[in-house]
Amino acid sequence: MAEEDGSNTTAVKTLSTSSPADGILTALSKGEVDLSAVTTLVFGSTIAINALVENKAAPVGTISNVGFRDVLELRRIWREHLFGSFWQRPAAMVPRRLRREVACRINVAGEETQPLDTEGLLAQARFLVDNGVQSIAISFLHSHLNDVHERQARDLLAAEFPDLCVAISSEESPEIGEYERMSTTVVAAALKPLLAQELSTLEDALRRQGMRGDIHVMKSNGGVMSIAAAQRKPHELVQSGPAGGVAAARRWGAALDLPNLITLDVGGTTADVSLIRAGKATMARRMELEWDVPVRVSLVDIHSVGAGGGSIAWVDAAGRPRLGPGSAGSRPGPACLGRGGTQTTVTDAALLAGWLNGGNFAGGEIPLDASLSSEAVRSGGLSPALGAATDGEAGAAVLALAANAIAEKIRALTVKHGEDPRDYALFVYGGAGGLFGADVADSLGVGRVVLPPNSSVLSAWGGLLADEEHDYARTVLCAIGDVDFAHLDTLARGMLDQARVDFGSDEFEADFLFDLRYEGQSHELTVPGGVPVTAETLRAAADEFTRLHQHHYGHIRPEDRVEIAALRLHAHRPLLADESRLLAAPAGDGTGELRPAAARRVYRHPRQVADWPVVSRDAMRPGHTVAGPAVVEDATSTLVVPAGWGVEVGKLGEINVIKQGSTS
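About the thresholds
Residues numbered from 1 in each chain as written. Predicted model: local features only at pLDDT ≥ 70, side-chain atom pairs only at ≥ 80, totals over all residues. Heavy atoms only, no water. Helix = DSSP H or I, 4+ residues; strand = E, 2+ residues; numbered from the N terminus. Rg over C-alpha atoms; globule rule 2.2 N^0.38 Å. Buried < 20%, exposed > 50% of the residue type's maximum accessible area, 1.4 Å probe, protein only. Contact = heavy atoms within 4.5 Å. Areas by Shrake-Rupley, 256 points an atom, 1.4 Å probe, with all protein chains shown as cover. Lys, Arg positive; Asp, Glu negative; His and termini not counted. Charge placed at Lys NZ, Arg CZ, Asp CG, Glu CD. Pairing = 2+ DSSP bridges. Axes fitted to C-alpha atoms, helices over the stretch in contact; angles between N-to-C directions. Phe/Tyr/Trp six-rings, centres within 6.5 Å; stacked < 30°, edge-to-face > 60°. Salt bridge = Lys/Arg side-chain N within 4 Å of Asp/Glu carboxyl O. Core = buried A, V, L, I, M, F, W, Y, C linked by side-chain atoms within 4.5 Å. Domains from an automatic or database assignment. Buried area = accessible area lost by both parts, 1.4 Å probe. Polar contact = N/O pair within 3.5 Å; in protein donor to acceptor, adjacent residues only side chain to side chain. Nonpolar A, V, L, I, M, F, W, Y, C, P; charged D, E, K, R; others polar.

The protein chain is annotated in an unreviewed UniProt entry as Hydantoinase of Mycolicibacterium phlei DSM 43239 = CCUG 21000.

In C-alpha cells:
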C-alpha cells in the first residue's frame, strides 16, 4: 500500500485463505486502509491455477465437428519419457461422454462446405446440461479463419440456455492448431463461472466498504486488466501471482540501470526463476497444466522448482536425500509452526541452521519452534542421509540442496539457451529469496545480488508498477515474399477493435509483432513489426529473425524462405501516471559500516559453524555497508551474506550484495 506520490508505503502479509475476497479484506483491515480513499487496487491470485490443479473448476462439456470429439484424447502423441514404459498419460480434461459432435464444416480456405446442424447442436447441448455441465467449450475446425459457425452456435445456446456459460475457440485462442485451441477453450470455459463469481464477490465486498476506485487483476503476462476483462478472459490469470514480481523487477532494473536480470522468487511452495533481457521480460506463448495439456496464452516465462519454504526434504528408497516437489503448504505447514506438520521443510532447515530468527518470523506474530523441526529431522531419518552430525548441520545440508536445485534451474534457463548468467545480476525477492541469493549467485559466477525493499511482498507491489496490457494474435502462414498486405491490415484492424473493447477506450499504445520461422519449421521467433505492414518493415523483421536464429540456435538457413506464422498485437497503457514515484529513495543517509544488533550461531554446509553478526534492515540507509559473514533481517525477510560477500545499500534503499573482487 502506498500514497500516489510514493510516500507512506506499508507492507502487510497474511496467511493464505480459500477465498481471495477474504484474504484481501483481511490484509486491508490489518493495514487499517480507508477504502474510500483508495484510487487504485491491484491484486494477483492463484485461484485460477488452483481451481484447475485441484479439479474445482466448473464441469465442462465440449462440442466439436463430427469425427473430432477425441482431439483432447489424441493430443500431439508426445511422450514425456521417451523410454518410460510405465509412464501414464494425464487424463483428458473432459471425459469422452461429455465430448459431443455436431455436423458442420469450414475448410482450410475458411469457406463453408457444410452448414451448422442447429437441431443437432441443441440436442447435444441438452444432453450436456442434463448431465450436470455448467459450461460448454465449442471448437470447430478452422474457426480461426472463419468463426461463423462458432458464433452461430454460441448465440443459439445463449437463447436456449441463458444460464449456461459458453466459450468459443475463435475468441479464446484464434490461432492455428486444433488441439491447442480446444484445450485453451476448455480451460477458459472451466474457469469462467468460477472467476465470474469470485471476482464479483470481491468487487461487491470492496464497494460495500466504500471503495470507489479502479480494481485491476494481475495477468500472466506481467500486466493488469480490469475486473470485466478478467471475467471475459479468465485463462489469462493462470500465472497471475508470480508475474507481478517480474513486473516489479523490470521496473527496478530500469531504475538501477540493470537491464539484464535473473529474477528469483522464493515463496512458500516453489522457487520461481525468470529472465529480464535488455529491460524486457522473456515471454512464453503457452504453459502446460500437465504434460501435453496446454493453455495457449501470453505469459512471463517463469520456471519453477520445488525449493520453497514449504518444500519437503525426504529420503528416497536408495537412501539419498531429496527435496520437493512435495510441499507442506500453509496447512499444516512446516513442522516448526506447530500446526501438525511432521516433515522437514526448507523453513525448518533454515531455523535449525540459524538462518532464521524463530522469534521474529512475520514480525513475531508467528513464533517458530526449533524443537519441532529437530523432531521432524530425526523422525525422517535425514541426518544419516545428509551425513550430518547435528540438527544444525542437517538444516544447512537441506539448504544446500535447495540452493543447488535453484542454480540448476537457472542454468537450464540461461546456459542451455545461449545466455551467460555472468552477464546478469540476480534479483531476489519473496519471503525466502534473500536466504539463497548469494549462494546461488556464487554457483553461477554472478557477482551481484539485489534485494529490493518490501521484497517479501514484491509480487503484490508489482501490480502497482505494471501497465494495463492485452495481447492478441492472428494466424497468417504466408512466406514474406507472398504477403497479402491488405489481409494483414484487416487482421491488424480486427485486433485493434478488440483492444478498444478491453480497454474501454482508444487510449492505449499498440506494438505489432511477427512470429517468424523458416518454411518447414514448427517453432517461431517473435520480432518487432509495424502497421501498416510494408516491404521495408518486413525486410527489417526478417533481418532481426536471422540475427535471433543465429543467437539462439547457432546457425541460419539462408537457402530457405522465411514465413510469417502469426501477427501479434501487444496493447498497453500505464496504470499510474508516474509509477516511478513508488521507487522513491528512503529518508536519511548512512555512511560506513553498520554495527550489528546481535549475533547468532549459523551453520553452513559442509560442517561449518560460527557466530554471525545480525543486522537490522530497518536501521539501514543508503550508503551503509555490511561485511560478510552476516545476517540481515526485518519482520518479513532474511538476507544471508556469506564470507567473501559484502552489502552496500543503494540509492533507492535496495540492498546490493557484492562478491569481493567482482566488477558488477
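**Q** Help me out: how do you make sense of the overall build of the protein chain in this one?
**A** A count of helical and extended segments in the protein chain gives 17 helices and 30 strands. By the compact-globule yardstick of 26 Å for 664 residues, the protein chain fits well, its C-alpha radius of gyration being 26 Å. Projected onto its principal axes, the C-alpha positions of the protein chain cover 80 × 60 × 55 Å. Counting across all 664 residues of the protein chain, residues that qualify as buried make up 53%. Partitioning the intrachain contacts of the protein chain with sequence separation of at least 6 by distance along the chain shows that 68% fall at a separation of at least 24. Split by element, the accessible area of the protein chain, about 28,700 Å² in all, is 50% carbon and sulfur. The centroid of the 61 positive side-chain charges in the protein chain is displaced by 4 Å from the centroid of its 83 negative side-chain charges.

**Q** Help me understand the sheet that holds strand E25 (residues 608-616) in this model?
**A** The pairing of strands in a sheet comes from backbone hydrogen bonds and takes either a parallel or an antiparallel form. Ordered by their spatial adjacency, 4 strands build an open sheet running E24-E25-E27-E28, and the pairing between neighbours is mixed. Of all strands in the sheet, those with a lone pairing partner are strand E24 (598-604) and strand E28 (638-641), marking the two edges. This sheet shows a mean twist of 30° between the axes of neighbouring strands, independent of strand direction. One ladder, built from 4 bridges, connects strand E27 (residues 630-633) with E28; its direction is antiparallel. Each residue of the ladder has a partner; that of Val631, found in E28, is Val640.

**Q** Mind showing me how you'd approach the packing of aromatic side chains here?
**A** Scanning all chains against the criterion turns up 4 aromatic pairs. The interplanar angle of 55° and the centroid separation of 6.4 Å between the aromatic rings of Trp355 and Phe436 together place this pair among those described as tilted. In this pair, Trp355 is assigned in the loop between helix H10 (346-352) and helix H11 (370-379) and Phe436 in helix H14 (residues 433-444), connecting sequence segments 81 residues apart. Here the two residues Trp355 and Phe436 agree in accessibility, since each one is buried. When the ring of Tyr518 is compared with that of Phe545, the centres are 5.0 Å apart and the planes differ by 75°; the resulting orientation is edge-to-face. Here Tyr518, found in strand E21 (residues 509-518), pairs with Phe545, found in helix H17 (residues 535-553); they are 27 residues apart in sequence, far enough to count as distant. Residues Tyr518 and Phe545 agree in their burial class; the two are buried.

**Q** Before we go on, may I ask you to explain the pairing of strand E23 (residues 562-574) in this structure?
**A** Look at any regular strand and the pattern is simple: side chains alternate between the two faces of the sheet. A large share of E23 lies buried, amounting to 12 of its 13 residues. The pairing of strand E20 (residues 467-479) with E23 spans 11 bridges and is antiparallel. In the sheet register, Arg474 faces E23, and the bridge partner there is Leu567. Bridging between E21 and E23 involves 10 bridges; their strand directions are antiparallel. From the neighbouring strand, Leu513 faces E23, where its bridge partner is Arg568.

**Q** How do you make sense of the pattern of salt bridges when you look at a structure like this?
**A** Any two side chains of opposite charge can pair, given that their charged atoms come close. Taken as a whole and judged by the stated rule, the model has 40 salt bridges. Glu419 is the partner of Arg277 in a salt bridge, and the nearest nitrogen-oxygen pair spans 3.1 Å. Here the residue Arg277 occupies a position in strand E11 (residues 271-277), and Glu419 occupies one in the loop between helix H13 (391-413) and strand E18 (425-429), the gap between them amounting to 142 residues. Its relative accessible area of 29% is what places Arg277 among the partly exposed residues.

**Q** Could you clarify how one ought to interpret unusual backbone geometry in this entry?
**A** Peptide bonds are, in most cases, trans, and in most cases residues other than glycine have a negative phi. Here His605 and Pro606 are connected by a cis peptide whose omega angle stands at 0°. In this structure, the amide linkage connecting Gly628 to the following residue, Pro629, adopts the cis form with an omega of 5°. Of note, Pro629 is situated in the loop between strand E26 (625-627) and E27. Of note, the phi angle at His142 is positive, near 60°, even though the residue is not glycine. Structurally, His142 can be placed in the loop between strand E6 (135-138) and helix H5 (148-160).

**Q** Can you help me understand the nonpolar core in this one?
**A** Core analysis: the biggest nonpolar cluster contains 69 residues, and Ile406, Leu426, Phe436, Val440 and Met620 have the highest contact counts within it. If you tally residues by element for this core, the top one is H13, at 11 residues. Setting aside anything within four residues of it in sequence, one finds Phe436 in contact with Val266, Val346, Leu399, Ala402, Ala403 and Ile406. With 35 residues, the next largest nonpolar core counts Ala51, Leu191, Ala229 and Leu237 among its residues.

**Q** So what exactly am I meant to see when it comes to the pairing of strand E17 (residues 321-327) here?
**A** Here 4 bridges tie strand E16 (residues 311-315) to E17, and the two strands are oriented antiparallel to one another. Bridged to Ser311 within E17 is Ser327. The turn joining E16 and E17, which pair antiparallel and follow one another in sequence, is formed by 5 residues; a positive phi near 85° is taken by Gly319.

**Q** I tried to follow the domain arrangement of the protein chain on my own but got confused; where do I start?
**A** By convention, interface size is frequently given as the accessible area that disappears when the constituent parts associate. The domain architecture assigned to the protein chain consists of domain 1 (1-33), domain 2 (53-196), domain 3 (260-466 + 576-663) and domain 4 (467-574). Summarising the inter-unit geometry, the C-alpha centres of domain 2 and domain 4 are found 28 Å apart. Contact residues are listed per partner, giving 4 residues for domain 2 and 5 residues for domain 4. It is Pro174, Glu175 and Ile176 in domain 2 that bury the most area against domain 4; as a group they hold 82% of the surface buried on that side. Connecting domain 2 to domain 4 are 1 salt bridge. Here Glu175 makes a salt bridge to Arg568, at a shortest N to O gap of 3.4 Å. At the boundary of domain 2 with domain 4, the tally comes to 2 residue pairs in polar contact (both at pLDDT 80 or more). Taken together, the residues of the side of domain 2 that touches domain 4 sort by class into 2 nonpolar, 1 polar and 1 charged.

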